[in-house]
Each structure stands twice: as structure tokens, then as C-alpha cells.
Amino acid sequence: MKILFTDLEQSETTYPLVNDGWLPTKEFVVLEGPRGQTRATLTGSSEALVKGEMICVILISCDRCCTEVKLELTADFAYICMVGSEEHEQGHQDIECREEDYNRLYLKEPVIDLGEIYREQVYLSMPSQVLCDTSCQGLCQLCGIDLNKTRCDCEQNEKESPFAVLRQLKKR
């Protein structure tokens, strides 16, 4: 869903979350949602405030053992959307991002793409490592058996590391 600046008013306008193809479904399976809403307000001739919340339940693989994990992703967001080619070009340069720029979106044209914002929020709300359990032991590196369910008879030969000498120093 796209919002044109010309459609916005000084008063807050509410938009329901609509999944019109923005949700990436190749990496995971969506079990519930997404649901939520977005509120947008025109704060200047070339500036708008966009706030919202989103909830989505997905099924994704554990990073260690590949077991399916059910995750609830929730996100609250607020962005200041600014129109202007100079700011847009500045946003695409490799410069240090200041804290006040964290919630700014620089737009080339006066159109806010809610799908982009929602997709970004899905990825930002995902944990950096998805685990089925904090004590997940993963898969055997040799035979591939799930070490959470059973033990294997593979000999775990530790490769000699170039840092093995440091273990001897630690023992002293």
C-alpha cells in the first residue's frame, strides 16, 4: 500500500495493515497475520509522521538443528518521512548515521511505501539467531544426526588449531 502526500491531512489518518505482497514468504511460513495498523499525519509541506504497530506469527528453522520454531514478531515503529532529492541522495551516501537519523526516511518523491516499512520491521524484529531452545546442541558435523534427540557414535576429532599452543599457556 502506498500513501501519497496529497492524500494526507494535518489530522491523523489510520490505515489498516494490508498484505499486498510485501511480506517475504520464501524464508519462512506465515502462521498468523500480519495484522496491525499505521497512522500518518502531514507535519509540513514535504514531511509526514508515520507511526504504527505490527504483529505476525511465523514458522522458521532453528539455526542449529533445523527444527521448525514458531516465532511471534511484534514491532512498533515511528518514522519521519521527508521529501527532497538532496536529502534522498544524502540518505544513499556512505556516511555515519547519527542517532537523530535512525527514524528518518528520505523519499525521492512524495509517496510513502508502507510495504517497505512493514518488510523492514519484520526483519528488524527477528532475533539474530533463531533457536528452538537455548540449550540446543544442533546437528552432528559428521553424520548430521540431531544431537538433541539422540547421540551418535562419530568420533569427534578436534582439528589441530594454530591456537592450540595457547591452551598450553593457559594450563601454566
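Per chain, the residues get numbers from 1 upward, laid out in the order the sequence is written. With the structure being a predicted model, the display of local features is reserved for residues of pLDDT at least 70 and the display and counting of side-chain atom pairs for 80 or more, all residues being used for whole-chain, interface and lining totals. Side-chain numbers come from the whole structure's heavy atoms, not from hydrogens or water.

### Here's the deal with the packing of aromatic side chains
Put simply, two rings from Phe, Tyr or Trp (the six-membered ring, in Trp's case) pair if the centres are within 6.5 Å, and we call them stacked under 30 degrees between planes, edge-to-face over 60, tilted for the rest. Under the definition given, this model contains three aromatic pairs. Taken together, a centroid distance of 6.2 Å and an interplanar angle of 40° make the contact between Phe77 and Tyr79 tilted. Using a relative accessible area of 7% as the deciding quantity, one classes Tyr79 as buried. Relative to Tyr118, the ring of Phe77 lies with its centre 6.1 Å away and its plane at 70°, an arrangement referred to as edge-to-face. The buried label goes to any residue with under 20% of its type's maximum accessible area, the exposed label to any with over 50%, and the partly exposed label to all in between, with areas taken from a 1.4 Å probe on protein chains only.

### Overview of the nonpolar core
If you look at the biggest cluster of nonpolar residues, it comprises 35 residues, and the most contacted ones within it are Phe5, Leu8, Val50, Ile58, Ile112, Leu114 and Val122. In DSSP terms, a helix is any run of H or I states spanning at least four residues, a strand is any run of E spanning at least two, and both are numbered starting from the N terminus. Of all the secondary structure elements, the ones that give two or more residues to this core are strand E3 (29–44), strand E4 (47–61), strand E5 (68–83) and helix H2 (114–125). Among the elements that make up this core, the one with the highest residue count is E5 (eight residues). Contact criterion: two residues are considered in contact whenever any of their non-hydrogen atoms come within 4.5 Å of each other. Excluding residues within four positions of it along the chain, Ile58 makes contact with Phe28, Val29, Val30, Leu31, Val69, Lys70, Leu71, Leu73 and Met126. The term nonpolar core refers to a set of buried residues drawn from Ala, Val, Leu, Ile, Met, Phe, Trp, Tyr and Cys, joined through side-chain atoms within 4.5 Å.

### Things to note about the pairing of E5
Here E4 runs beside E5; their pairing, made up of 15 bridges, is antiparallel. The residue of E5 that forms the bridge with Ile58 is Leu71. Between the antiparallel neighbours E4 and E5 lie six residues, among them Cys66 with a positive phi of about 70°. Direction of pairing for E5 relative to strand E6 (residues 104–107): parallel, over a ladder of four bridges. Directly across from Ile80, in E6, lies its bridge partner Arg104. Each pair of strands is called paired provided DSSP finds at least two bridges between the two strands.

### What about H2?
Along its twelve residues, H2 runs 16 Å from first to last C-alpha, staying within 8% of the 16 Å computed at 1.5 Å per residue. Those residues of H2 that fall on the buried side of the exposure criterion are Leu114, Gly115, Ile117, Tyr118, Gln121 and Val122. The buried residues of H2 occupy an angular sector of 160° when projected down its axis, which confines them to one face. Contacts described as polar in this section are N or O atom pairs within 3.5 Å, which, within protein, must combine one atom able to donate a hydrogen with one able to accept it, while residues neighboring in sequence count only if both atoms come from side chains. Between the side-chain oxygen of the N-cap and the backbone nitrogen of Gly115 there are 3.1 Å, and the N-cap of H2 in question is Asp113. Expected span of a helix, by definition, is 1.5 Å for each gap between consecutive residues, and there is one gap fewer than residues. The arc in question is formed by the directions pointing from the helix axis toward the C-beta atoms.

### What about the pattern of salt bridges?
For this document, the term salt bridge refers to a Lys or Arg side-chain nitrogen within 4 Å of an Asp or Glu carboxyl oxygen. On inspection of all chains with the given rule, the structure shows three salt bridges. Linking Arg39 and Glu12 is a salt bridge whose minimum nitrogen-to-oxygen distance equals 3.9 Å. Residue Arg39 is found in strand E3, and its partner Glu12 is found in the loop between strand E1 (2–4) and strand E2 (13–16); the two are separated by 27 residues along the sequence. Judged by its relative accessible area of 43%, Glu12 is partly exposed. Where Glu53 meets Arg39, a salt bridge forms, and the shortest distance between an N and an O atom there is 3.3 Å. With Glu53 in strand E4 and Arg39 in strand E3, this residue pair connects regions lying 14 residues apart in the sequence. Accessibility expressed as a relative area gives 26% for Glu53, which makes it partly exposed. Classification of Arg39 as buried rests on a relative accessible area of 18%. Ionic contacts of the salt-bridge type, sharing partners, join the residues Glu12, Arg39, Lys51 and Glu53 into one network.

### Digging into the sheet that holds E6
The sheet built from five strands is open, its strands ordered E2-E3-E4-E5-E6 with mixed pairing. The outermost strands of the open sheet, each flanked by one partner alone, are E2 and E6. With direction set aside, neighbouring strand axes in the sheet form an average angle of 25°. As paired strands, E3 and E4 are joined by twelve bridges and run antiparallel to one another. For Thr38, the partnering residue across the bridge sits in E4 and is Gly52. In the packing of H2 onto the sheet, contacts are made with E2, E3, E4, E5 and E6, and the angle to E5 comes to roughly 135°. Angular values range over 0 to 180 degrees, each being the angle between N-to-C directions of two axes fitted as lines to C-alpha atoms, with helices fitted over their stretch in contact.

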